[in-house]
Amino acid sequence: MDSEPSPARRPERTAAAASGVLVIVGASGDLTKRLLMPAVYNLACDGLLPEAFAIVGMGREPMTTAEFRNQQRAEIGRFKTRVTLDERRWQWLESRLHYTGGEFNDPAAFARLKALVDDVAAASGAAGNTLLYLAISPDFFGLVNQQLDAAGFTGLAGQKRIIVEKPFGKDLASAQSLNQTLLDHWREEEIYRIDHYLGKETVQNLLAFRLANGMFAPLWDARHIDHIQISATETVGVETRGGYYDKTGVVRDMLQNHLLQMLAYVCMEPPSSLDPGVIRDAKSDLLRSVRLLNRTDVERDCVRGQYGAGLRVDGEAVVGYREEPAVDPDSNTETYAAIKLHIDNDRWAGMPVYLRSGKSLWKRGTEIVVQFKPTAPAGGPGNQLIFHIQPFQAVEIRMQAKRPGPTFMLQSAGMRFDYAETFEAARGTGYEVLLFSALNGDPTLFSRTDFVETSWQIVQPVLDAWRESRAGDYPNYAAGTWGPLAAGMLLSRDGRRWHESLNRAVLARSPFFTAAPVVLLNNLLLAFQPLAVEAGTAVVERGDLKSEMYFVCRGELEAVGEAGEVLGRIREGEFFGEMAVLFDRPRSATVRATRPCDLLVLDGGDFRRIIQDFPEADAEFRRLAAERQAARREA
Ligand code: BG6
């Protein structure tokens, strides 16, 4: 990296925030009780709020201050992220809560709000720093900004800032007009746009990682890196948000904001200082170098999906997207997207970045995989650097290591910095750092107008193409699976594959593995490769001498004998192909998928190398496999 700023140049977050008044417009709504109040409470518990601090809420629900305090007290019990409620700290905070009710179209309501804020600011000694939080639907942004302006908030003495939540527009044009609405009343420096992913420790750590660990800097380019994958998969469907989601889709809901934020952090030029303006310039510059897709690119490099009925990981049956409440039964909205992008600058020319996100998938997890090119003289695949963003939080390096023993044999191994093992940090909501930064006037973690508009520019061609053409194959993935097959093909076409982060819980679903030693499982997890196949695919052919074994994550297959007779069914959580691997035999049956299947493949050579060190587990595998074989014969 060119000139590396020392992290020490930035004030550590050990001192309390600047004094100020937090004004929440929309305070009787969900966001306040679920996220804002628990976050402020956490800041209070950590001693990060000054004595001169107060919250003034305004909402459409008529309530007195006393009622608002009671309501928030009841809710904090439900939504706090700490195990117990510290009564003293809550009291401290509760005594600083104030409320006034009123409709957003009523100028008198905003005049009352202004008078209350002035009173509270003067009485608490917090005047001169006002943070306005718009916890309201964007439909009211225009109106509420006018009212705030008319009531005198834009002319307040001292520091004043306005925080707005996503969705920030629904396309480029609406984002531009929303920005104009804000800029009509506020200066750019006063506008704080929240992307809650930037509140995540692991996302902030991307910046720390790049700036404070110089060893990776010389490798951070397309000469050394083969490609980058950014995945955010969710197990939940649209839940109660069908009405919102059906107008939105995953490109607007996740890619345009959260995924492009992560992309910017990972790929931006290293900023020359930690100055917020410099960091935000670097992020915006990066987005401006993303090549804009044309119609042909969208057809070739973007995959959309919508979930159909399926099974959750816990086995519960769930409905398809079109059957969800408030969703159009004929909806063309995508609940899954995978797209390939290029960054046209010196650093990244020629290197693809793959982004994917979806609802109702097999696993909740956000990961960034930096796949290095294979360059090692001893062979082996390229190294991987994996940022585990959530729920598992870690940074991992996949490497090749020599297996212990007299011969020179390589095996995949992992090196890992695990947050849970390294830090004793209290679990927060992610909003703590955002509120703390905003009180202190630090906009680093907030999106500037140019970033938001450029990110819309990047996704706009995808939105346009997908709006204008109906997907003919929806639903094209079953709930609880890895997503549409075409997403796998997007990478396999380039000779690559999605990285699926597996954990022991996946394997533990098979009786083969319930008693296996942890070290064995850890080794196997690194060796498994994902394989998704269509219904009808013959995964192994009778008589073949190939040696892979397969674990069925999702789907069902049938074993077919010589005369085409069905010998048995292979279901989720089961293995097949193990006879060839364990006993070196040709395949005794053809195994064909009867439904789309998500499989994990274990190469026989890898398996044999790993199992050598576990003779007892090896014997147990053989016993179970022979038992299964006998049972099949009897059947
Ligand atoms: C929100 C989206 O921005 O992010 C939701 O609107 C999504 O649809 C959520 O579920 C994911 O956030 P997280 O923090 O759970 O990854």
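I will try to describe carefully the structure that is included in this document. All of these numbers come straight from a predicted model, not from anything done at the bench.

### Some thoughts on the overall build of the protein chain
When you go through the protein chain residue by residue, the secondary structure sums to 20 helices and 26 strands. A compact globule built from 635 residues would reach a C-alpha radius of gyration of about 26 Å, and the protein chain, at 27 Å, matches this within 12%. Viewed in the frame of its principal axes, the protein chain has a C-alpha envelope of about 85 × 55 × 55 Å. A buried classification covers 55% of the 635 residues belonging to the protein chain. For the protein chain, the proportion of contacts with a sequence separation of at least 24, taken over those separated by at least 6, is 78%. Of the roughly 26800 Å² of accessible surface on the protein chain, a fraction of 52% belongs to carbon and sulfur atoms. Averaging the locations of the 73 positively and 83 negatively charged side chains of the protein chain gives two centres separated by 2 Å.

### So, the nonpolar core
Residues Tyr-133, Leu-148, Trp-220, Ile-228, Leu-263 and Phe-387 are the most contacted members of the largest nonpolar core, which totals 178 residues. In contact with Trp-220, other than residues within four places in its own chain, are Arg-210, Ile-225, Val-266, Arg-347, Trp-348, Val-370, Phe-372, Leu-385 and Phe-387. Ile-570, Val-591, Cys-597 and Val-601 belong to the second-largest nonpolar core, a separate cluster that totals 13 residues.

### Some points on the side chain of Arg-403
Within the secondary structure, Arg-403 sits in the loop between strand S16 (394-402) and strand S17 (410-418). Among the polar contacts made by the side chain of Arg-403, one reaches the side chain of Asp-613 at a distance of 3.1 Å. Once residues within four sequence positions are removed from consideration, Arg-403 is found in contact with Met-409, Gln-411, Arg-609, Ile-610, Gln-612 and Asp-613.

### So, the site of the ligand
The environment of the ligand is formed by Lys-166, His-196, Tyr-197, Lys-200, Glu-234, Arg-241, Asp-253, Met-254, His-258, Lys-359, Arg-364 and Gln-390. The side chain of Asp-253 places a nitrogen or oxygen atom 2.5 Å from an oxygen atom of the ligand. At a separation of 2.7 Å, an oxygen atom of the ligand approaches a polar side-chain atom of His-258. Relative to its unbound accessible surface of 390 Å², the ligand loses 81% to contact with the protein. Ranked by residue count, the leading element in the shell around the ligand is helix H9 (residues 249-267), at three residues. Its residues assigned to classes, the shell around the ligand shows two nonpolar, three polar and seven charged.

### What about the sheet that holds strand S25 (residues 590-593)?
Here we have four strands laid out as an open sheet, ordered S20-S25-S22-S23, and antiparallel in their pairing. The open sheet terminates on both sides in strands that have one partner only, identified here as strand S20 (538-540) and strand S23 (566-570). Averaged over all neighbouring strand pairs, the angle between strand axes comes to 30°, with direction disregarded. Pairing of strand S22 (residues 557-560) with S23 involves four bridges; the strand directions are antiparallel. The residue bridging Ala-559 from the neighbouring strand is Gly-568, located in S23.

### Brief notes about the environment of Leu-22
In this structure, Leu-22 sits in strand S1 (residues 20-25). Since its relative accessible area comes to 2%, Leu-22 is described here as buried. With 468 residues separating them along the chain, Leu-22 and Leu-490 place their C-alpha atoms 47 Å apart. In this view, Leu-22 contacts Val-40, Phe-53, Ala-54, Ile-55, Val-56, Leu-131, Tyr-133 and Leu-435; residues no more than four positions away in its chain are not counted.

### Observations regarding the pattern of salt bridges
For the structure shown, the criterion picks out 48 salt bridges. Glu-468 is the salt-bridge partner of Arg-295, the closest N and O atoms lying 3.1 Å from each other. Pair noted here: Arg-295 is in helix H11 (residues 295-301) and Glu-468 is in helix H14 (residues 449-468), with a separation of 173 residues, a long-range link. Arg-295 gets classed as partly exposed once you look at its relative accessible area, which sits at 40%. Of the charged contacts in the structure, one is a salt bridge between Glu-556 and Arg-571, with a shortest N-O distance of 3.2 Å. Of this pair, Glu-556 sits in the loop between strand S21 (548-554) and S22 while Arg-571 sits in the loop between S23 and strand S24 (575-576), placing them 15 residues apart in sequence. According to the relative accessible area criterion, Arg-571 is partly exposed, its value standing at 43%. Each member of the salt-bridge network shares a partner with another, and the members are Asp-30, Lys-33, Arg-34, Glu-75 and Arg-78.

### Remarks on the sheet that holds strand S15 (residues 384-390)
Taken in spatial order, the eight strands make up an open sheet running S8-S12-S13-S7-S14-S15-S16-S17, and their pairing is mixed. Of all strands in the sheet, those with a lone pairing partner are strand S8 (302-305) and S17, marking the two edges. Mean inter-strand twist for the sheet, computed between neighbouring axes without regard to direction, equals 15°. Examined bridge by bridge, strand S7 (residues 225-233) and strand S13 (residues 352-358) share six bridges and lie parallel to one another. When the sheet's bridge partners are listed, Ile-228 is paired in S13 with Val-353.

About the criteria used
Residues numbered from 1 in each chain as written. Predicted model: local features only at pLDDT ≥ 70, side-chain atom pairs only at ≥ 80, totals over all residues. Heavy atoms only, no water. Helix = DSSP H or I, 4+ residues; strand = E, 2+ residues; numbered from the N terminus. Rg over C-alpha atoms; globule rule 2.2 N^0.38 Å. Buried < 20%, exposed > 50% of the residue type's maximum accessible area, 1.4 Å probe, protein only. Contact = heavy atoms within 4.5 Å. Areas by Shrake-Rupley, 256 points an atom, 1.4 Å probe, with all protein chains shown as cover. Lys, Arg positive; Asp, Glu negative; His and termini not counted. Charge placed at Lys NZ, Arg CZ, Asp CG, Glu CD. Core = buried A, V, L, I, M, F, W, Y, C linked by side-chain atoms within 4.5 Å. Polar contact = N/O pair within 3.5 Å; in protein donor to acceptor, adjacent residues only side chain to side chain. Near = heavy atom within 4 Å. Nonpolar A, V, L, I, M, F, W, Y, C, P; charged D, E, K, R; others polar. Pairing = 2+ DSSP bridges. Axes fitted to C-alpha atoms, helices over the stretch in contact; angles between N-to-C directions. Salt bridge = Lys/Arg side-chain N within 4 Å of Asp/Glu carboxyl O.

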